[in-house]
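Structural characterization, general
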Amino acid sequence: MPSHLAPSVDHLLAQARQAEASGQYRQAFDTLYAAIALAPDSARARAALGQFLVAHCPARRHADVDRVLSLALDQAWVRPSDLAPVVLAYLAAEPAVAQALSASPAGTSRQAPSARQLLTVAGCLDDQPVFCTVARVAILADADWQTLLARLRDLLLARRHEGKRDTPLRLTLAMALQNDLTEGIEPPSPDTLARAQALEAALLTRTQIGTAINAADIALVATAIPLGSSPLGGLLQSSHAPREWPGLGPLIERMQAAAREAVLRERLIADTGRAPGEHTAARADPATKPGYTRQPLSNDPVRDHYDAHPYPRWVREPLGMPAHLPAAVARRVAAWPSTGAQVLVAGCGTGQQIFVAHDRYPLAKIVAIDFSVNALAHAAHKCAEAGLGDITFRAMDLHHANRLGQTFRAIECVGVLPHLPDPEAGLAALAGVMTPDAVMYVAVYSARARAPFEALRRRIDAEGWRDDAEGRLAFRRTLIHEGGPSLPDVVARSPDFHAAGGLRDLLFHVRECALPMTEWVAMAQRQGLKLLAVDASAATDAMARSVVDQDPATLTPDQWDEVEQAYPAAFAGLYRLWLVKA
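Note that this is a predicted model, so its numbers are computed, not measured.

Let's talk about the packing of helix α9 (residues 143–161) against helix α10 (residues 169–182)
In contact at an axis separation of 11 Å, α9 and α10 are set at 125 degrees when each is read in the N-to-C sense. By the criterion of interaxial angle, the relationship of α9 to α10 is oblique. Crossing handedness for the pair α9 and α10: left-handed. Within the contact between the two elements, α9 uses Gln146, Leu149, Leu152, Arg153 and Leu156 and α10 uses Leu171, Thr172, Met175, Gln178 and Thr182.

As structure tokens, then:
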């Protein structure tokens with residue numbers, strides 16, 4: 001076809017939207033696939049195909065779908081945690097996998113899959129690049145899948161203990177990476193742990209006498225024992241590890257990244273002139289030698305919570321993708337000067353929101369603050385890893401934002417205000433550093449959407465479940481075993497429920513405030529702010545239209561309250577509010 005007749009990416013994306021709207025999903029996929037083939041580096045094409053897969057992932061295996069899913073996960077065309085559930089459903093279409101998943105669902109006493117069935121599943125998953133990728137980059141938020149992986153681990157370690165040397169490398173590597181991501185959410189039985197420890201000891205002995213060790217054996221140990229606490233982890237952090245065990249590349253990178261992050265964290269601590277446990281403010285740019293300024297931080301159990309469990313743990317985050325802003329916000333941002341905007345990410349945690357802010361305001365200077373040095377070190381490391389070396393990091397309490405000595409045209413504060421002793425005081429501190437034309441994006445909890453979580457917290461208190469590693473995992477096992485009303489879908493489907501640190505944040509948090517939207521907006525109004533827009537998902541907008549027959553962008557907080565009365569889970573993904581100075 002002559003070049004002047006070739007379809008453009010814009011034309012293909014428009015065609016795909018039309019096909020999707022008319023329910024022609026195969027045609028939409030093929031058109032989006034063609035757009036990717038035409039422009040592999042197009043952020044718009046990648047985002048469009050990633051979002052399509054989240055909504056309409058095919059039910060049957062196909063080589064093209066395998067390839068695209070692996071790329072979408074590995075390159076984060078969308079947030080991997082959003083794509084992982086449909087990938088698991090896609091993989092479960094394989095008869096052997098479906099049979100194993102249904103043979104003994106998590107929490108039931110039905111007969112477990114046989115060793116032969118599990119070996120068939122092991123071979124199937126080992127041969128599945130999509131599984132190996134999703135297990136590496138996203139928490140598998142499904143109790144049946146986690147139970148299946150635990151059984152595969154038990155079987156493979158038992159076979160290795162018997163002297164069999166047919167351990168599948170790709171599968172065990174994927175399981176090891178998943179075990180690291182979930183922080184051991186399915187702990188091994190005493191027998192399985194003993195076998196893993198015996199294999200670990202044998203491998204260490206071999207290294208001491210200079211005998212080569214098998215990559216699959218290292219990965220198999222890591223399915224049951226955290227390598228961060230094992231001498232084998234030190235081997236993977238060495239400079240020769242990539243040459244010696246090329247098949248363990250992702251696990252080696254995970255271990256070496258943890259070492260780099262630890263160095264950064266210690267530099268944050270040492271260069272501020274404090275010992276671990278003391279709290280000062282710091283400025284750190286991981287791309288250069290950092291300079292630091294000191295500022296005391298207040299003692300707070302929430303800070304201790306996140307120092308102990310930096311949250312969330314993540315591997316990939318979309319970057320360089322088309323940014324969505326509500327129309328009212330986009331108009332305001334468009335009126336800013338083209339360069340020089342200052343953006344504050346308040347309570348940046350482990351750094352995901354920094355990536356979002358970078359895509360929203362690509363020419364802005366970003367300052368990221370958090371009062372957990374451990375979380376901040378993870379954020380700084382992930383930004384450096386992604387090539388974002390111009391972010392300014394400060395370890396400080398957001399209540400002291402005025403001590404930064406500057407004002408900001410945009411402030412992003414996601415999931416932070418509900419965990420403060422006084423959310424309104426935190427909001428006031430942030431309002432105090434806004435320029436007159438600024439926007440503030442806050443994400444806060446809905447009382448109705450959080451009701452299932454609050455009910456479980458009341459049960460935890462009433463039944464005396466301990467807030468330690470053993471107590472939290474025991475409570476999770478109890479909920480899975482009981483199932484039904486004891487484990488609401490919104491909890492069971494949450495990635496946080498399937499990771500040790502996430503579980504603590506989800507159900508054992510030391511402080512959480514959830515309110516109706518009307519109260520959050522009233523709080524903002526008392527601090528001289530007004531609501532500019534509610535950033536709702538397409539699904540929530542559809543709910544709104546079914547309750548209030550008007551454009552969701554025009555709804556008031558009272559009208560959104562009507563929507564929540566009809567659909568209590570409409571804002572399970574937080575209220576996402578855009579505020580401006582009144």
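Next comes the rest of the description.
What to know about the state of the cysteines
Inspection of the entire model under this criterion finds 0 disulfides. In this model Cys124 remains outside any disulfide bridge; the closest cysteine sulfur is found in Cys132, 10 Å from its own. What makes Cys124 buried here is its relative accessible area of 18%. For the unlinked cysteine Cys383, the closest cysteine sulfur is that of Cys348, found at 7.8 Å. Judged by relative accessible area, which is 0%, Cys383 ranks as buried.

Concerning the packing of aromatic side chains
Under the definition given, this model contains 11 aromatic pairs. Taken together, Trp465, Phe475 and Phe508 form an aromatic cluster joined through their ring pairs. The ring of Tyr445 carries the charged tip of Arg450 above its face, separated from the ring centre by 4.1 Å. In this structure, Arg476 packs its charged tip against the face of Phe497, placed 5.1 Å from the ring centre.

A few points about unusual backbone geometry
Cis geometry marks the peptide bond from Tyr311 to Pro312; its omega dihedral reads -5 degrees. Secondary-structure assignment places Pro312 in the loop between α16 (301–308) and α17 (327–334). Not every positive phi belongs to a glycine, and Leu574 is a case in point at roughly 80 degrees. With respect to the helices and strands, the residue Leu574 is situated in the loop between α27 (557–566) and β9 (575–581).

Things to note about the environment of Trp520
Position of Trp520 relative to the elements: it lies in helix α25 (residues 517–526). A relative accessible area of 4% places Trp520 in the buried class. In the structure, Trp520 is positioned 155 residues away from Lys365 in sequence and 28 Å away in space, judged by C-alpha atoms. Aside from chain neighbours lying at most four places away, what touches Trp520 is Pro418, Pro423, Val444, Tyr445, Cys513, Leu515, Tyr575 and Leu577. Within polar-contact distance, the side chain of Trp520 engages the backbone oxygen of Tyr445 at 2.9 Å.

The rules behind the values
- Residues numbered from 1 in each chain as written.
- Predicted model: local features only at pLDDT ≥ 70, side-chain atom pairs only at ≥ 80, totals over all residues.
- Heavy atoms only, no water.
- Axes fitted to C-alpha atoms, helices over the stretch in contact; angles between N-to-C directions.
- Helix = DSSP H or I, 4+ residues; strand = E, 2+ residues; numbered from the N terminus.
- Parallel < 35°, antiparallel > 145°, perpendicular 65-115°, else oblique.
- Left-handed = near helix turned anticlockwise from the far one by under 90°.
- Contact = heavy atoms within 4.5 Å.
- Disulfide = S-S within 2.5 Å.
- Buried < 20%, exposed > 50% of the residue type's maximum accessible area, 1.4 Å probe, protein only.
- Phe/Tyr/Trp six-rings, centres within 6.5 Å; stacked < 30°, edge-to-face > 60°.
- Lys NZ or Arg CZ within 6 Å of the ring centre and 35° of its normal.
- Polar contact = N/O pair within 3.5 Å; in protein donor to acceptor, adjacent residues only side chain to side chain.

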